[in-house]
Amino acid sequence: MDNQREYFPVLNIQEFTEAPSELSNLLFHELRGSRQIAEPHKHDFFIILLFEQGSGSHTIDFKSYAVEQQQVHLLFPGQVHQWEFQETTVCYQLMINREWFERFLPDLRFSSLYYQQHPVFQISDLLYKALRYEFLAIAQELKDKTVLWEIIQTRSKLIGLLLRKTFELTFSDFEKYHSNPIISKFVQLIDLHFKSDRSVSFYAEKLHISANYLNIVCKKGVNIAASTLIHDRILLESKRLLKISEMSVKDIVYELGFYDHASFSKFFKNQTGMTPSQFKEQG
């Protein structure tokens, strides 16, 4: 995926600190009052938002979520987002660079695919207080003249474990995404190859299994066909390119490996009910 060309505004974690250094491993911000990100963009790092209170909306990969009190929002590297927070908003934000995120992810236990299905969730009063304590303890540690990064890493790990515990209590479908590692590997391969290969057999071969077995695993695991996961990734990238990049529809057709404009339009309309041009012009 690192070799793919980029057509979106991609913000690096160093852009959010005045002195890029080791401090860019993890950043803390307290967000208060009304805020707006009008232009959708991507980050190359992981974000955890802990809302004490507030209202407004946060759009992640074209799905809008209402902002409420005692809520957690997760934003993974590469996802497109924008937000509009109202005046009453109080939110604590952790930005974790990609290297630290890779170490942090195992503490979440489940695949990032699963969390991306549930990026916004309510938490109990008890969990909110526990998370807020860890967020503010990290913020305090970052202020010290000599930052002990082992402490921050340990607190980050605890935050991951607390989030994982919440997921296990909140969502009944988590085992589907955890029970079979083939699904996680399949999704990673789709992310790498969806522009050039969209046949189930291609991915099955990479996974050293039959296409039929890959379909069975997906149907049993996430209740959809293997081909649907591939199409969903193509559709998401189509939406991102249409809405955010400066590329023409013609260039997007070429970029995503479609035979011609007609085949792309047919695919997009079958998935969304509108043509690529209608989606691009939509407010």
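Residues numbered from 1 in each chain as written. Predicted model: local features only at pLDDT ≥ 70, side-chain atom pairs only at ≥ 80, totals over all residues. Heavy atoms only, no water.

Positionally, M95 belongs in strand 9 (residues 90-96). The class for M95 is buried, based on a relative accessible area of 2%. M95 sits 67 residues away from F28 along the chain, and the two C-alpha atoms are 6.5 Å apart. Once residues within four sequence positions are removed from consideration, M95 is found in contact with I13, F16, N25, L26, L27, H29, F45, F46 and I47. (Helix = DSSP H or I, 4+ residues; strand = E, 2+ residues; numbered from the N terminus. Buried < 20%, exposed > 50% of the residue type's maximum accessible area, 1.4 Å probe, protein only. Contact = heavy atoms within 4.5 Å.)

If you walk across this open sheet you meet the five strands as 2-9-4-7-10, and the pairing is antiparallel. Looking at strand neighbours, the two that pair on one side only are strand 2 (26-32) and strand 10 (120-122), the edges of this open sheet. In this sheet, adjacent strand axes meet at a mean angle of 15° when their direction is disregarded. Taken together, the three bridges between strand 7 (residues 71-75) and strand 10 define a ladder with antiparallel strand orientation. Of the residues in strand 10, the one forming a bridge with H73 is V120. Here helix 1 (residues 98-108) sits on the sheet and contacts strand 2, strand 4 (46-53) and strand 9; the angle it forms with strand 9, its principal contact strand, is near 100°. Contacting strand 2, strand 4, strand 7, strand 9 and strand 10, helix 4 (residues 149-170) crosses the sheet at an angle of about 75° to strand 10. (Pairing = 2+ DSSP bridges. Axes fitted to C-alpha atoms, helices over the stretch in contact; angles between N-to-C directions.)

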